[in-house]
Amino acid sequence: MMNNKPGEPGAPGNLGRDRPPPAVQARDLTVVRGDRTVLTTLDFTLRPGTITGLLGPSGCGKTTLMRAVAGTQAKVTGTLTVLGHPAGSPALRPRIGYVTQAPSVYTDLTVRQNLDYFAAVLHPGRTHRDTRRAAVTRAIEEVDLTTHADVLAAALSGGQRSRVSLAVALLSTPDLLVLDEPTVGLDPVLRRDLWDLFHRLAADRGATLLISSHVMDEAERCHRLLLMREGRILAEDTPEALRTRTGTATVEQAFLHLVDEAAARGTHPEEPTP
Ligand SMILES: Nc1ncnc2c1ncn2[C@@H]1O[C@H](COP(=O)(O)OP(=O)(O)OP(=O)(O)O)[C@@H](O)[C@H]1O
């Protein structure tokens, strides 16, 4: 499907020369779903150990972009390199944690049983029993579900179930975490705690996180932002640079400013102005 061209960042010849290769690099990334082009020639780069927020209105293509990065999206063209491999490579499977909007948990199992099950898939065999146990306990603690470890998933709230999915993704200590709206339905305290966890994963483990959200105030917690609209990237920068560039006080205002600016020009923002 997609190949690195020699000399491009992420290609084997460039590894380790100046700075670490990008965790994710997209060039001309285009995705067709049904008979519609839903992502159009996207270019972006995610640096290792950073948190990138993916923001934009419903239907703009956030989930499609995440599925492409996670390697689960069909009809992807262009170049998409993930942790040095073409997106979708089998070698990437244990290195990516992808948490979808719909929590993928077994409702007839408890929180711990769910995690035990997935841990057994990741680290099968008796010899890994202690590793599994430690990984499960750590993942449950990280998502703050220790007090609910023995509760059936069927009896959890939506937000708690989402956190079980996140715990499953954390079991394999992934290098790249792709999280589709992980804070939907959570109260402000839990949202804050989860964002603290995301920052710890980036700072302590060097993990790269791509996190989608509808909530613009969460944008301020990201190192970088990809603002999307109608299948295209409206802007890619730090929250501060976006505010400064647009002379606005919040990322939400910056987003609206960029939308208005593009409409006034009659072009899409990343298209060169004549
Ligand atoms: N299975 C599908 N077949 C055809 N078109 C699809 C399919 N799934 C999504 N789309 C279209 O692709 C576009 C992008 O959808 P996507 O789910 O990526 O958006 P989103 O930004 O994640 O939306 P939301 O924030 O509501 O989750 C939408 O216009 C949607 O209608």
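Residues numbered from 1 in each chain as written. Predicted model: local features only at pLDDT ≥ 70, side-chain atom pairs only at ≥ 80, totals over all residues. Heavy atoms only, no water.

## Remarks on the sheet that holds strand β5 (residues 85-86)
- Taken in spatial order, the four strands line up as β2-β1-β4-β5 in an open sheet, and their pairing is antiparallel. Each edge of the open sheet carries a strand with a single partner, namely β2 (36-46) and β5.
- In terms of strand pairing, strand β4 (residues 76-82) meets β5 through two bridges, oriented antiparallel. Looking at the pairing, Thr81 lines up with Pro86 of β5.
- Across the face of the sheet, helix α1 (residues 62-70) comes into contact with β1 (24-33), β2 and β4 while running at roughly 60° to β2. (Pairing = 2+ DSSP bridges. Helix = DSSP H or I, 4+ residues; strand = E, 2+ residues; numbered from the N terminus. Contact = heavy atoms within 4.5 Å. Axes fitted to C-alpha atoms, helices over the stretch in contact; angles between N-to-C directions.)

## Remarks on α1
- Burial analysis of α1 places seven of its nine residues in the buried class, the great majority of the element.
- By the burial criterion, the buried members of α1 are Lys62, Thr64, Leu65, Met66, Ala68, Val69 and Ala70.
- In the stretch just after α1, Gly71 is the one whose phi turns positive, near 85°. (Buried < 20%, exposed > 50% of the residue type's maximum accessible area, 1.4 Å probe, protein only.)

## Side note on the site of the ligand
- Not every one of the 15 residues close to the ligand is listed here, only the nearest: Ser58, Gly59, Lys62, Thr63 and Thr64.
- Ser58 is positioned such that a nitrogen or oxygen atom in its side chain is 2.6 Å from an oxygen atom of the ligand.
- Within the side chain of Gln101, a nitrogen or oxygen atom sits 3.2 Å from an oxygen atom of the ligand.
- Mapped onto the shell around the ligand, the elements with two or more residues apiece are β2 and α1. (Near = heavy atom within 4 Å. Polar contact = N/O pair within 3.5 Å; in protein donor to acceptor, adjacent residues only side chain to side chain.)

## A closer look at unusual backbone geometry
- Its identity is not glycine, yet Glu181 carries a phi of approximately 50°, on the positive side.
- The residue Glu181 is located in the loop between β7 (176-180) and α5 (188-205) in this model.
- Look at Glu230: it is not a glycine, yet its phi comes out positive at around 50°.
- The residue Glu230 is located in the loop between β9 (224-229) and β10 (232-237) in this model.

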